[in-house]
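This is what each chain is made of:
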Amino acid sequence: MSDNALAIELFEGLPPRYDVLAEVLSFGQNRRWRRELVKRLAPHHPAALLDVATGTAGVAIALASATDARITGVDVSDAMLERGRERVRSAGLAGRISLEQGRAEALSYAAESFEAVSFTYLLRYVADPGATLAELARVVRPGGHMASLDFYLPPNPLFRALWWAYTRLVLPAAGWLLGGRAWWDVGRFLGPNIEGHYRAWPLARIVDAWEAAGMVDVGWRVMSLGGGLVMWGTKRDA
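Residues numbered from 1 in each chain as written. Predicted model: local features only at pLDDT ≥ 70, side-chain atom pairs only at ≥ 80, totals over all residues. Heavy atoms only, no water.

**Topic: the environment of Ser108**
Okay, step 1: For Ser108, the location among the structural elements is in the loop between strand S3 (97-101) and strand S4 (114-120).
Okay, step 2: For Ser108, a relative accessible area of 65% translates into the label exposed.
Okay, step 3: As a C-alpha pair, Ser108 and Val139 span 31 residues in sequence and 9.5 Å in three-dimensional space. (Helix = DSSP H or I, 4+ residues; strand = E, 2+ residues; numbered from the N terminus. Buried < 20%, exposed > 50% of the residue type's maximum accessible area, 1.4 Å probe, protein only.)

Have a look at this one:
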């Protein structure tokens, strides 16, 4: 099964209650991490912004609330996009946010099409994170900005042990109780997936990949005792 196919299958049954359950199962940290990502892009006042792995458009809506940008959201999952369109319409943002199916590894947009790019929970689901970062950076204009958020591994051994217990025991059980089989599957998948990703792609390697893609002034913030990671950078001037 391809990495994209895995993501589509894994998230196919989640959209109806995704937004509420994502907050509950992350103890509200998903929203906090999202605010940090928005804070890294909004001050630059982008006019055209691409949100990749947009899911149900939570980040796109948050960015639209904080900027005047016209936003294009891209995701591989039709089910997530349909839920996202409902949320965009409910927020009265259909005139500013458009959602399209697409793959982060092969974007359909011309080079330097956007002044900013955001992406969330993405690199763990692609075969080549370095190549995907290069593709994302390709559509950013020189001097433009890129920011991301994802789960992370707590560096502190005590917090790492608590994180392991939470992701292996609490998360699957809570997912089953609150959201049924689909959330049980996600709960069992996430812990090993996160660990495997950072074993192959530690933070230093990810930073190197951002820089190899043409990003400078790459920064990051580890959040929530190490459970989340927000990154940002600026596209090198031509």
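There is more to say, and it comes next.
**Considerations on the packing of aromatic side chains**
Okay, step 1: Applying the stated criterion across every chain yields a total of six aromatic pairs.
Okay, step 2: Look at Phe119 and Trp210: their rings are 5.9 Å apart centre to centre, the planes differ by 35°, and that puts the pair in the tilted class. Taken as a pair, Phe119 in strand S4 and Trp210 in helix H9 (residues 203-212) lie far apart in primary sequence, 91 residues in all.
Okay, step 3: Ring centres of Tyr125 and Phe189 lie 6.0 Å apart, and the angle between their planes is 20°; on these two criteria the pair is classed as stacked. Placement of Tyr125 in the loop between S4 and helix H6 (129-138) and of Phe189 in helix H8 (residues 181-200) is noted, with a sequence separation of 64 residues between them. Summarising the burial analysis for this pair, Tyr125 and Phe189 share the class buried.
Okay, step 4: Members of the aromatic cluster, connected to one another through ring pairs, are Trp33, Tyr121 and Phe151.
Okay, step 5: If you follow Arg40 out to its NZ or CZ, it ends over the ring of Trp232, 3.6 Å from the centre.
Okay, step 6: Across from the ring centre of Trp201, 3.7 Å away, lies the NZ or CZ of Arg205, which sits over that ring. (Phe/Tyr/Trp six-rings, centres within 6.5 Å; stacked < 30°, edge-to-face > 60°. Lys NZ or Arg CZ within 6 Å of the ring centre and 35° of its normal.)

**A word on the pairing of strand S7 (residues 228-235)**
Okay, step 1: For S7, the tally of buried residues reaches eight of eight residues, placing the bulk of the element in the interior.
Okay, step 2: In this structure, strand S5 (residues 140-151) lies alongside S7, joined through seven bridges in antiparallel fashion. Paired with Leu149 across the strands is Val230, a residue of S7.
Okay, step 3: Where strand S6 (residues 215-223) lies against S7, seven bridges are found, and the strand directions are antiparallel. Across the sheet, the residue bridging to Gly219 is Trp232, located in S7. (Pairing = 2+ DSSP bridges.)

**Things to note about the pattern of salt bridges**
A side chain of one charge can pair with a side chain of the opposite charge if their charged atoms are brought near each other.
Okay, step 1: A complete count under the given rule lists ten salt bridges for this structure.
Okay, step 2: Two residues, Arg83 and Glu86, come together in a salt bridge whose shortest N-O distance is 3.5 Å. Placement of both Arg83 and Glu86 in helix H5 (residues 78-90) is noted, with a separation of three residues, approximately one turn of the helix.
Okay, step 3: For Arg83, a relative accessible area of 24% translates into the label partly exposed.
Okay, step 4: For Glu86, a relative accessible area of 35% gives the class partly exposed.
Okay, step 5: We note a salt bridge from Glu105 to Arg103, for which the minimum N-O separation is 3.7 Å.
Okay, step 6: Counted as one network, the salt bridges with shared partners bring together Glu36, Lys39, Arg40 and Arg221. (Salt bridge = Lys/Arg side-chain N within 4 Å of Asp/Glu carboxyl O.)

**What to know about the packing of helix H7 (residues 157-179) against H8**
Okay, step 1: Running from N to C, H7 and H8 cross one another at 165°; their axes reach a closest spacing of 6 Å. As far as their axial angle goes, H8 and H7 are roughly antiparallel. When the axes of H7 and H8 are compared, the crossing they make is right-handed. Here Trp163, Trp164, Thr167, Arg168, Leu171, Pro172, Ala173, Gly175, Trp176 and Gly179 of H7 lie close against H8, whose contacting residues are Arg181, Trp183, Trp184, Gly187, Arg188, Leu190, Gly191, Pro192, Ile194 and Glu195. (Axes fitted to C-alpha atoms, helices over the stretch in contact; angles between N-to-C directions. Parallel < 35°, antiparallel > 145°, perpendicular 65-115°, else oblique. Left-handed = near helix turned anticlockwise from the far one by under 90°. Contact = heavy atoms within 4.5 Å.)

**Considerations on unusual backbone geometry**
Okay, step 1: Even without being a glycine, Ala53 presents a positive backbone phi close to 60°.
Okay, step 2: Within the element layout of this structure, Ala53 appears in the loop between strand S1 (48-52) and helix H4 (58-66).
Okay, step 3: The backbone of Leu225 sits at a positive phi, close to 60°, despite the residue not being glycine.
Okay, step 4: Position of Leu225 relative to the elements: it lies in the loop between S6 and S7.
Okay, step 5: Classification of Leu225 as exposed rests on a relative accessible area of 59%.

Take it as geometry only, folks, not as evidence of what the structure does.
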